Number of protein chains: 2
Amino acid sequence: MRRVYLDHVATTQPLPEVVEAMMPYLREIYGNPMSLHDAGVEAKRACEEARGRVAALIGAGPEEIIFTSCGTESNNMALKGAAWANTSKGKHIVTTQIEHHSVLNAAKALEGMGFEVTYVPVDKYGLVDPKEVDKAIRKDTVLVSVMHANNEIGTIEPVAEISKLAKAKGVLLHTDAVATAGNIPVNVNELNADFLSIAASQFYGPKGIGALYIRKGVRITPLLHGGFQEKGLRAGTDNVPGIVGLGKAAELAARDLDKRKNQIIPLRDRLIKGLLGIKNVYLNGHPAGRLPGNVNVSVEFVEGESMLLFLNNAGVMVASGSSCTSQALKVSHVLTAMGMEPALAQGSLLFSLGTDNTAEDIDYVLEKMPPIVDNLRRMSPLYKG
Amino acid sequence: MRRVYLDHVATTQPLPEVVEAMMPYLREIYGNPMSLHDAGVEAKRACEEARGRVAALIGAGPEEIIFTSCGTESNNMALKGAAWANTSKGKHIVTTQIEHHSVLNAAKALEGMGFEVTYVPVDKYGLVDPKEVDKAIRKDTVLVSVMHANNEIGTIEPVAEISKLAKAKGVLLHTDAVATAGNIPVNVNELNADFLSIAASQFYGPKGIGALYIRKGVRITPLLHGGFQEKGLRAGTDNVPGIVGLGKAAELAARDLDKRKNQIIPLRDRLIKGLLGIKNVYLNGHPAGRLPGNVNVSVEFVEGESMLLFLNNAGVMVASGSSCTSQALKVSHVLTAMGMEPALAQGSLLFSLGTDNTAEDIDYVLEKMPPIVDNLRRMSPLYKG
C-alpha cells in the first residue's frame with residue numbers, strides 16, 4: 001500500500017544530511033561543551049558552528065540564539081521570561097486567540113500568577129488585525145506575542161506591522177515562528193522581533209531541539225536555572241547532537257527555501273482544487289496568504305477524526321487540528337476563534353505537505369478521499385444527500 | 001598519544017547499542033507520538049516501551065515517569081513544580097549546601113518569588129546529617145530536596161533516612177539521582193522518594209533527555225505549558241529518538257549494574273592509592289560511601305585548572321569541580337561547604353571513571369600526574385618543597 005505522509009505540521013522526517021551530521025556527536029565526539037579539555041572544546045566548537053547557522057537562517061547574530069529543547073520551551077521561555085523580567089513596568093500581555101497552545105497555556109499560567117492577558121480576536125480567515133493589537137496595548141503592557149503563521153490554518157500574520165505598532169509604544173514583541181522558520185523566509189529585523197521561537201522538527205531537523213532568538217540587550221528571566229550554559233539563560237547539559245542537527249537543518253533550509261516552496265505550492269494548490277471539487281467542502285484559512293504546505297478544509301456532515309482514521313487505513317496520514325491536542329479530541333480553538341460553527345469545525349481536516357511529497361501522492365489522496373467522505377456521509381443523520 | 005577520558009561526571013559516551021536503538025527513530029520512524037495515524041502510533045509505542053524500561057530501572061510504575069530534556073529540567077520541575085503546587089500548605093523548602101546548581105539555583109529563583117529556603121550544612125566528608133534536615137523542617141515546609149550522591153565528591157547521602165523523617169512530618173521528598181541512576185542501585189521505594197531526577201547522559205545514554213519520577217498521586221505544577229504530552233505535565237513534541245535512547249540505556253544499566261561496579265571500583269581504588277602516594281594530596285568526599293567512579297583530590301600548592309590543562313595536553317581529560325560551572329572558574333561550593341580552605345579547594349581535581357576505562361588508563365594517569373604536579377609546584381610561590 002502507498003504511504004503518504006501529509007502531517008508535516010506534526011513533525012517532519014530529518015533529512016539524511018541532518019542525521020549524518022549528527023552521527024559523530026552521538027558516537028565519538030561525545031564531550032560536554034562546558035568541559036575545559038579537548039573533548040569539551042570540540043563539542044563546543046560544533047555547537048557554536050550550529051549557532052551561527054541558526055542565526056544566519058533568521059538574520060540574527062549568533063550571540064542572540066539560545067538553544068532550547070523544543071518550540072514549546074522557546075514559547076514558554078519567551079512569554080514567562082519576558083513577563084517575569086519586566087514586572088517593574090507592568091503585568092499585562094497581549095496575544096491572540098489563535099496562538100499555539102504553548103503560548104496560550106503559558107499565558108494562562110501567567111494569569112494564575114497575577115498577570116493579565118488580552119486575547120485579540122481574528123477575522124474569518126484567521127487574520128489578526130494590527131489595529132486590534134494596537135488597541136489592546138496598555139501602559140502596563142510588557143509583551144505582545146503574535147505567531148508568524150498559524151500552524152493549523154496556515155494563515156500568515158502581519159507581524160511586521162504589529163511589531164511597528166508595539167515598538168512605537170515601547171512594548172516588546174515575540175513571534176512564534178515554529179511553523180514558518182525553515183519553511184518561508186523569516187528575518188528578525190524585517191519582523192522587528194525581540195523574541196522569535198523556532199523548532200528543528202518543523203523543518204527536517206531532529207526532535208528535541210529548538211531555539212529562541214533574543215534580541216541583543218533585551219532582558220529575560222530564565223526558565224531553567226542551574227549551570228552557566230547559554231550565558232546562564234538556559235541551564236542544562238547541551239544536547240550536542242540535537243544542536244548540530246538543528247544547525248544542519250537550518251543550513252539546508254536557508255539554501256533550499258525557494259526550491260522547497262516552488263515544489264510544494266503547486267502540490268498544495270492541486271490538493272486544494274481537488275478537495276474543493278467534493279461537494280460541501282470548504283477551505284479554511286487565508287486563500288492567498290498561507291503557508292506553502294498548508295491545506296485545511298472543513299467537510300460538512302462528517303467528523304474529522306473519522307476521516308483521519310479511514311485515510312490512515314488507506315495509508316494517508318493527516319491531522320485534524322493541532323497534533324499537540326489531537327488526543328484530547330476537542331474542537332479546534334483556531335476554527336472557533338474564526339467564528340466557525342462547532343459542527344463544521346469538527347469536520348475539519350489538516351493536510352500539511354512537505355518536500356517528500358509528489359504529485360502522485362496528491363492524486364492518490366484525491367482518489368481515496370471522495371469515497372471516504374461519501375461513506376461517512378451516508379452514515380450521518382444530518383446529511384440530506 | 002593515549003586518550004584517557006576521566007570526566008564521566010560531565011557526560012558519558014552513548015553505548016553503541018543505545019545509538020543503534022535510536023537510529024530508526026532518527027530516520028524512518030519519525031512520527032509525532034501525539035498523531036492519531038500509524039506514524040504517530042508507532043512512535044508512541046516506542047516511547048511507552050522506553051518509559052517501562054526507565055521505570056524498571058528505578059522500581060517505579062511507567063505512569064510515574066515523565067520525560068524531560070535533561071537532569072537540570074527534572075530538578076527545576078521538581079523544585080518549582082512542587083513549590084508552586086503546594087503554596088496553600090506553605091512556602092518553605094529544605095535542601096542542602098552541596099546540591100547541584102540546578103537545584104540550588106532553582107531554589108534561589110523560588111526565593112525571588114517569595115519562598116524561603118533552608119540550606120542544610122554538611123560535614124567534612126560532604127555527608128548530610130538527617131537530624132539537621134529534620135531540625136530544618138517547619139510547619140510550612142512543602143519539600144525536602146537532598147541529592148542521592150554528590151556529583152563532585154561522590155559522597156552517597158542517607159536519603160532513605162532523611163525521607164523517613166520528612167514523611168513522618170508529611171513533607172514531600174525530592175532526590176536528585178542524576179549522579180546515581182544507572183550507576184548504582186536506585187529504587188524509589190527504598191528511598192521513599194516522591195520525586196527523583198535522572199539524566200541519560202550520565203549512564204551511557206544520549207544528551208538532551210532526562211526523566212522525572214513523580215510518585216502516583218503527588219501533585220506538581222508543570223514548568224512547560226502547552227499540548228497534552230506527558231499527561232499535560234510536560235508539553236512539547238516528544239524527543240522520540242532521545243526517549244528510545246534513554247530507554248535502552250536504562251535497560252542496559254539495569255542488566256549490567258553489578259558488572260560495571262565490579263569493573264570500576266578496583267580502578268577507582270587503584271587511582272586513589274596512586275594519587276595519595278603524591279606528597280600533600282588529599283582525598284575529598286567520603287572514604288567508603290562514595291560513587292564507584294568518583295576520585296576527587298586536592299593537591300596542595302597547585303591550581304586545579306592548571307593541572308587540568310597539563311593533563312589534557314597529555315591526553316587525560318578530567319574536571320575541576322562541576323562541569324556546569326567549569327567555565328566560571330569559581331571555587332567549588334561543595335568543597336567550601338565541607339569547610340575546605342579556598343586555596344586547597346582551588347587545587348582540587350575530579351577524576352570520574354566509566355566502563356570504558358582500563359587499568360592501563362589508570363597507570364598512564366599515575367605516570368603523567370606526578371611530574372605535572374612537581375612542575376606546577378616549582379612555579380608556586382607557596383610551595384616550600
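Further up the page is the structure itself.
Below is a summary of the structure that appears in this document. What you are looking at is a predicted structure, and each value in this text was computed from that prediction instead of being measured.

Observations concerning the overall build of chain A
Step number 1: When you go through chain A residue by residue, the secondary structure sums to 11 helices and 12 strands.
Step number 2: For 385 residues, the compact-globule estimate of 2.2 N^0.38 gives 21 Å, and chain A sits close to it at 21 Å.
Step number 3: With respect to the three principal axes, the spread of C-alpha positions in chain A is 70 × 55 × 35 Å.
Step number 4: Relative to its full complement of 385 residues, chain A shows a buried share of 65%.
Step number 5: Across chain A, every contact between residues at least 6 apart in sequence was considered, and the portion connecting residues at least 24 apart equals 74%.

With respect to the pairing of strand E10 (residues 294-299) of chain A
Residue and element names in this part refer to chain A.
Step number 1: For E10, a buried count of six out of six residues is recorded, marking the element as mostly surrounded by other parts of the structure.
Step number 2: In this structure, strand E9 (residues 281-284) lies alongside E10, joined through four bridges in antiparallel fashion. Bridging from a neighbouring strand, Asn284 pairs with Asn296 of E10.
Step number 3: Both E10 and strand E12 (residues 348-352) contribute to a ladder of five bridges, which runs antiparallel. When the sheet's bridge partners are listed, Asn296 is paired in E12 with Leu350.

Focus: the relation of the copies chain A and chain B
Note: a rotation about an axis with an accompanying shift along it relates these two copies of the chain.
Step number 1: Least-squares fitting of chain A to chain B yields an RMSD of 0.0 Å, with the superposition described by an axial translation of 0.0 Å and a rotation of 180°. Each copy turns onto its partner about a two-fold axis. No C-alpha of chain A lies nearer the rotation axis than that of Ser69 of chain A, which sits 3.1 Å from it.
Step number 2: Looking at chain A, 100% of its interface residues are interface residues in chain B too, so the copies touch through the same face.

Brief notes about the packing of helix H8 (residues 304-313) of chain A against helix H11 (residues 359-379) of chain A
Residues and elements named next belong to chain A.
Step number 1: Closest axis-to-axis distance for the H8/H11 pair is 10 Å, and the angle between their directions is 135°. Judged by the inter-axis angle, H8 sits oblique to H11. As for how H8 packs across H11, the hand of that crossing is right-handed. For the pair H8 and H11, the contacting residues are Ser306, Met307, Phe310 and Leu311 in the first and Met369, Ile372, Val373 and Leu376 in the second.

So, the sheet that holds strand E2 (residues 65-68) of chain B
All names here are of chain B.
Step number 1: Here seven strands make up an open sheet; going across it, the order is E2-E8-E7-E6-E5-E3-E4 and the pairing mixed. At either margin of the open sheet sits one strand with a lone partner, and together these are E2 and strand E4 (116-120). In this sheet, adjacent strand axes meet at a mean angle of 20° when their direction is disregarded.
Step number 2: Contacting strand E3 (92-96), E4, strand E5 (141-145) and strand E6 (172-176), helix H4 (residues 101-112) runs over the sheet at an angle of about 150° to E4.

Looking at the interface of chain A and chain B
Step number 1: If you look at the interface, chain A gives 72 residues, while chain B gives 73 residues.
Step number 2: For the pairing of chain A and chain B, the buried interface totals around 5,800 Å² over both sides, and the portion due to carbon and sulfur atoms is 59%.
Step number 3: On the chain A side of the interface with chain B, the three residues burying the most area are Tyr30, Leu36 and Lys207 of chain A, jointly 14% of the side's total.
Step number 4: Put simply, chain A and chain B have four salt bridges between them.
Step number 5: Of all the elements in the fold, those that place two or more residues in the side of chain A that touches chain B are helix H1 (16-26), helix H2 (38-57), helix H3 (71-85), helix H4 (101-112), helix H7 (240-276) and H8 of chain A.
Step number 6: Residues of the side of chain A that touches chain B, tallied by class, amount to 30 nonpolar, 26 polar and 16 charged.

Description of H11 of chain A
Step number 1: For H11 of chain A, with 21 residues, the first-to-last C-alpha span of 31 Å sits near the 30 Å given by 1.5 Å per residue.
Step number 2: Residues of H11 of chain A that are buried include every one of Asp361, Ile362, Tyr364, Val365, Met369, Ile372, Val373, Leu376 and Arg377 of chain A, and no others.

Quick notes on unusual backbone geometry
Residues and elements named next belong to chain A.
Step number 1: Although it is not a glycine, Lys231 sits at a positive phi angle of roughly 55°.
Step number 2: Following the sequence through the fold, Lys231 ends up in the loop between strand E8 (210-214) and H7.
Step number 3: Given a relative accessible area of 60%, Lys231 falls into the exposed group.
Step number 4: Positive phi is not limited to glycine here, since Phe301 has a value of about 70°.
Step number 5: Examined against the element boundaries, Phe301 turns out to sit in the loop between E10 and H8.

A closer look at the environment of Gly61 of chain B
Residue and element names in this part refer to chain B.
Step number 1: By secondary structure assignment, the location of Gly61 is in the loop between helix H2 (38-58) and E2.
Step number 2: Classification of Gly61 by relative accessible area gives buried; the value is 15%.
Step number 3: Sequence separation of Gly61 and Lys139 is 78 residues, and the distance between their C-alpha atoms is 31 Å.

Quick notes on the pattern of salt bridges
Residues and elements named next belong to chain B.
Step number 1: In the structure shown here, the tally under the stated rule is 38 salt bridges over all chains.
Step number 2: Where Arg51 meets Glu230, a salt bridge forms, and the shortest distance between an N and an O atom there is 2.9 Å. Remark: Glu230 occurs in the loop between strand E8 (210-214) and helix H8 (240-276) and Arg51 occurs in helix H2; sequence separation between them is 179 residues.

So, the packing of aromatic side chains
Describing an aromatic ring pair means giving the distance of the ring centres and the angle of the ring planes.
Step number 1: Using the criterion set out here, one finds five aromatic pairs over all chains in the structure.
Step number 2: Ring centres 4.9 Å apart and planes at 75° place the aromatic pair Tyr30 of chain A and Tyr5 of chain B in the edge-to-face group. One end of the pair, Tyr30 of chain A, is in the loop between H1 and H2; the other, Tyr5 of chain B, is in strand E1 (residues 4-5), on a second chain. Tyr5 of chain B carries the same exposure label as Tyr30 of chain A, and that label is buried.
Step number 3: Taking the centre distance of 6.4 Å and the plane angle of 50° together, the rings of Trp84 of chain A and Trp84 of chain B count as tilted. In this pair, Trp84 of chain A is assigned in helix H3 and Trp84 of chain B in helix H3 (residues 71-85), connecting two distinct chains.
Step number 4: Positioned above the aromatic ring of Phe115 of chain A, the side-chain terminus of Lys91 of chain A is 4.9 Å from the ring centre.

Describing the state of the cysteines
Step number 1: Enumeration over the complete set of coordinates arrives at zero disulfides over all chains.
Step number 2: Cys70 of chain B supplies the cysteine sulfur nearest to Cys47 of chain A, a cysteine that is in no disulfide, at a spacing of 14 Å.
Step number 3: Residue classification places Cys47 of chain A among the buried positions, given a relative accessible area of 3%.

Quick notes on the sheet that holds strand E7 (residues 195-199) of chain A
Sheets are built from strands that pair by backbone hydrogen bonding, the pairs being arranged parallel or antiparallel.
All names here are of chain A.
Step number 1: Strand order in the open sheet made by the seven strands is E2-E8-E7-E6-E5-E3-E4, with mixed pairing throughout. The sheet terminates laterally at strand E2 (65-68) and strand E4 (116-120), the two strands that pair on one side only. The average angle at which neighbouring strand axes cross in this sheet is 20°, direction not considered.
Step number 2: Here strand E3 (residues 92-96) runs beside strand E5 (residues 141-145); their pairing, made up of three bridges, is parallel. Of the residues in E5, the one forming a bridge with Val94 is Val144.
Step number 3: Taken strand by strand, H2 contacts E2, E7 and E8, and its axis lies near 110° from that of E2.

Notes on helix H6 (residues 159-168) of chain A
Because an α-helix completes one turn every 3.6 residues, residues spaced three or four positions apart along the sequence face the same direction.
Residue and element names in this part refer to chain A.
Step number 1: What H6 keeps buried is the set Val159, Ile162, Ser163 and Ala166. Considered in projection along H6, the buried side chains sweep an arc of 100° and stay on one side of the axis. H6 presents Glu161, Lys164 and Ala168 as exposed residues on the side facing more than 90 degrees away from its buried surface.
Step number 2: Those residues of H6 that are buried lie in contact with helix H5 (130-136), E5 and strand E6 (172-176).
Step number 3: Downstream of H6 by a residue or two, Gly170 has a phi angle that is positive, lying close to 70°.

What counts, and where the lines are drawn
- Residues numbered from 1 in each chain as written.
- Chains lettered and ligands numbered in written order.
- Predicted model: local features only at pLDDT ≥ 70, side-chain atom pairs only at ≥ 80, totals over all residues.
- Heavy atoms only, no water.
- Helix = DSSP H or I, 4+ residues; strand = E, 2+ residues; numbered from the N terminus.
- Rg over C-alpha atoms; globule rule 2.2 N^0.38 Å.
- Buried < 20%, exposed > 50% of the residue type's maximum accessible area, 1.4 Å probe, protein only.
- Contact = heavy atoms within 4.5 Å.
- Pairing = 2+ DSSP bridges.
- Least-squares fit on C-alpha atoms with pLDDT ≥ 70 in both.
- Axes fitted to C-alpha atoms, helices over the stretch in contact; angles between N-to-C directions.
- Parallel < 35°, antiparallel > 145°, perpendicular 65-115°, else oblique.
- Left-handed = near helix turned anticlockwise from the far one by under 90°.
- Buried area = accessible area lost by both parts, 1.4 Å probe.
- Salt bridge = Lys/Arg side-chain N within 4 Å of Asp/Glu carboxyl O.
- Nonpolar A, V, L, I, M, F, W, Y, C, P; charged D, E, K, R; others polar.
- Expected span 1.5 Å × (residues − 1).
- Phe/Tyr/Trp six-rings, centres within 6.5 Å; stacked < 30°, edge-to-face > 60°.
- Lys NZ or Arg CZ within 6 Å of the ring centre and 35° of its normal.
- Disulfide = S-S within 2.5 Å.
- Arc of directions from axis to C-beta.

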